[in-house]
Each structure stands twice: as C-alpha cells, then as structure tokens.
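Chain by chain, the residues run as shown.
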Amino acid sequence: MRVQVNYEDIFKRFNGQLPEGIFLNTNFEGEYNTMTIGWGLMGICWGKPIICVAVRFSRHTYELIEKSGEFTLSIPKNTVMKKELAICGTKSGRDIDKFKLCGFEKKDIIDKCDLHIECEVIQKTAMDKNTIEESIKNKYYKTDDYHMFYFGAIKDCYYTKED
Ligand SMILES: Cc1cc2nc3c(=O)[nH]c(=O)nc-3n(C[C@H](O)[C@H](O)[C@H](O)COP(=O)(O)O)c2cc1C
C-alpha cells in the first residue's frame, strides 16, 4: 500500500539518513541497479522541489542515469540496513547483481525501505575542476574522478506499507 507524502515532511528523514546512506535506484529499459549515496541536497529551484545527487563519472549508476534521465531514492526505515548499504556502496552493478546479493526484488524501488522519492533529471552539471577549492580537490579528487550533479525534480514521494 502506498501513502502519498509532501516533500516538506521528508526533509528531516532525507538529511538524517544521508550520513548512513540512501539507496539511489536506476532503471534503463529493464537494466536495474542501485548504489548507496551519502551526499545530496534537497530544496527549491526553478520553482520546484528538487533533490540534487552527486554521482562520480566512474559509477555504473552514472551511465544508467545518463541514459534514463531519472532516478529514485529509497530511504531505509532506520539504520538496520547497514549490511545492504555497505554492499551497494562498494560493489558495482557492472560486475555483480546487487539485488540478488542483498535479497532485494528487482523493482524501481527497494521495498525493504519505507520511503521512496521518484525524480526526473531536469538539469545536470558536471563539476568544473578549475573552480573547486584546492583542499577539497586534494581530499576528494586525487584520481580526477569528479561528480556529475543531477538535479531531480520530485515527481512522486510516498511511504510503502505492508498490506
Ligand atoms: C556510505 C556511502 C556513501 C556513498 N556516497 C556516494 C555518493 O554520494 N556519490 C557517489 O558517486 N558514490 C558514493 N558512494 C560510492 C558508491 O556507492 C559505490 O562506488 C558503488 O559501488 C557504485 O555502484 P555502481 O558502480 O553500481 O553505480 C558511497 C558509498 C558509501 C558506502
């Protein structure tokens, strides 16, 4: 069962869970993948509620979002999904079926989570290595693996509850 929710109501859940990890799900023509994210922004831009995620160019997720133009976030109920977040944050969907490994059903959402946010990419911005502060560059981008920032307009936002 789905229960619709306003994005304002999930701001705390989103920001509270980010340090632990949130699942970023992608699907391009039936090729499903999910990866853990720890960075993200939620707010208003272009008069719309937006979530911005930062995806490094090396990720399989990057290739899939480039093709699909959309992504869905699934937020765990609490921090009990530590093992799955660790797997999805270290293994690549290029090499392994993370859904199988974690015991997830292949769906647009991770249904072991209770809160889901569907986004359509309406703007993307590749990081400009010439404009980033030197200390951040040295800390996070030693290998030149920069981020693409995807601005996703929130299309749907809901809790899933067991029937
Ligand atoms: C807690 C945590 C947070 C992470 N946050 C991000 C992130 O915000 N952006 C990113 O590109 N990678 C992040 N990663 C790394 C990816 O999840 C990881 O490289 C993953 O294996 C990529 O999967 P893929 O190749 O299937 O897309 C994070 C990993 C962990 C464990």
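In case you missed it, the structure is sitting above this.
What counts and what doesn't
Residues numbered from 1 in each chain as written. Predicted model: local features only at pLDDT ≥ 70, side-chain atom pairs only at ≥ 80, totals over all residues. Heavy atoms only, no water. Helix = DSSP H or I, 4+ residues; strand = E, 2+ residues; numbered from the N terminus. Rg over C-alpha atoms; globule rule 2.2 N^0.38 Å. Buried < 20%, exposed > 50% of the residue type's maximum accessible area, 1.4 Å probe, protein only. Contact = heavy atoms within 4.5 Å. Lys, Arg positive; Asp, Glu negative; His and termini not counted. Charge placed at Lys NZ, Arg CZ, Asp CG, Glu CD. Near = heavy atom within 4 Å. Polar contact = N/O pair within 3.5 Å; in protein donor to acceptor, adjacent residues only side chain to side chain. Nonpolar A, V, L, I, M, F, W, Y, C, P; charged D, E, K, R; others polar. Pairing = 2+ DSSP bridges.

Draft legend 1. Fine view of the overall build of the protein chain. The helix and strand tally for the protein chain stands at five helices and eight strands. Ordered by position from N to C terminus, the α and β elements of the protein chain give β-α-β-β-β-β-α-β-α-α-β-α-β. Computed over C-alpha atoms, the radius of gyration of the protein chain comes to 15 Å, within 12% of the 15 Å expected from 2.2 N^0.38 for 163 residues, which places it in the range of a compact globule. Put simply, the protein chain has 163 residues, and 43% of those count as buried. Taking the intrachain contacts of the protein chain between residues at least 6 apart in sequence as the baseline, contacts between residues at least 24 apart amount to 76%. On the protein chain, the mean spot of the 24 positive side-chain charges and the mean spot of the 25 negative ones are 4 Å from each other.

Draft legend 2. Just the environment of L85, in detail. Its place among the elements puts L85 in helix 3 (residues 82-88). Along the chain, L85 and F23 lie 62 residues apart, while their C-alpha atoms are 7.3 Å from each other. Apart from residues no more than four positions distant in its own chain, L85 is found in contact with Q17, E20, G21, I22, F23, T36 and P76.

Draft legend 3. Structural detail: the site of the ligand. The ligand sits among 19 residues. The nearest are A54, T61, K91, S92 and G93. Residue G38 places a main-chain N or O atom 2.8 Å away from a nitrogen atom belonging to the ligand. Between an oxygen atom of the ligand and a main-chain N or O atom of K91, the distance comes to 2.8 Å. A per-element tally of the shell around the ligand places strand 3 (residues 31-37) first, with four residues. For the shell around the ligand, the residue count by class is six nonpolar, nine polar and four charged.

Draft legend 4. Representation of the pairing of strand 6 (residues 70-75). The buried fraction of strand 6 amounts to five of the six residues, a majority that puts the element mostly inside the structure. Looking at chain direction, strand 2 (residues 22-28) and strand 6 are connected through three bridges and run antiparallel. Bridge pairing links N25 to T72 in strand 6. Pairing of strand 6 with strand 7 (residues 115-126), which is carried by six bridges, proceeds in the antiparallel orientation. Within the sheet, the bridge partner assigned to F71 lies in strand 7 and is C119.

Draft legend 5. Structural view of helix 2 (residues 60-68). Regarding helix 2, the residues found buried are H60, T61, Y62, L64 and I65. Where helix 2 terminates, the next one or two residues include G69, which has phi positive at roughly 70 degrees.

Draft legend 6. Broad picture of the pairing of strand 8 (residues 147-160). Relative to strand 8, strand 1 (residues 2-4) runs antiparallel, the two sharing three bridges. Considered in strand 8, the bridge of V3 is made with Y159. With seven bridges joining them, strand 5 (residues 48-56) and strand 8 adopt antiparallel strand pairing. Its bridge partner lying in strand 8, V55 is registered against M148. Relative to strand 8, strand 7 runs antiparallel, the two being bridged by 11 bridges. In the strand pairing of strand 8, C119 is matched with I154.

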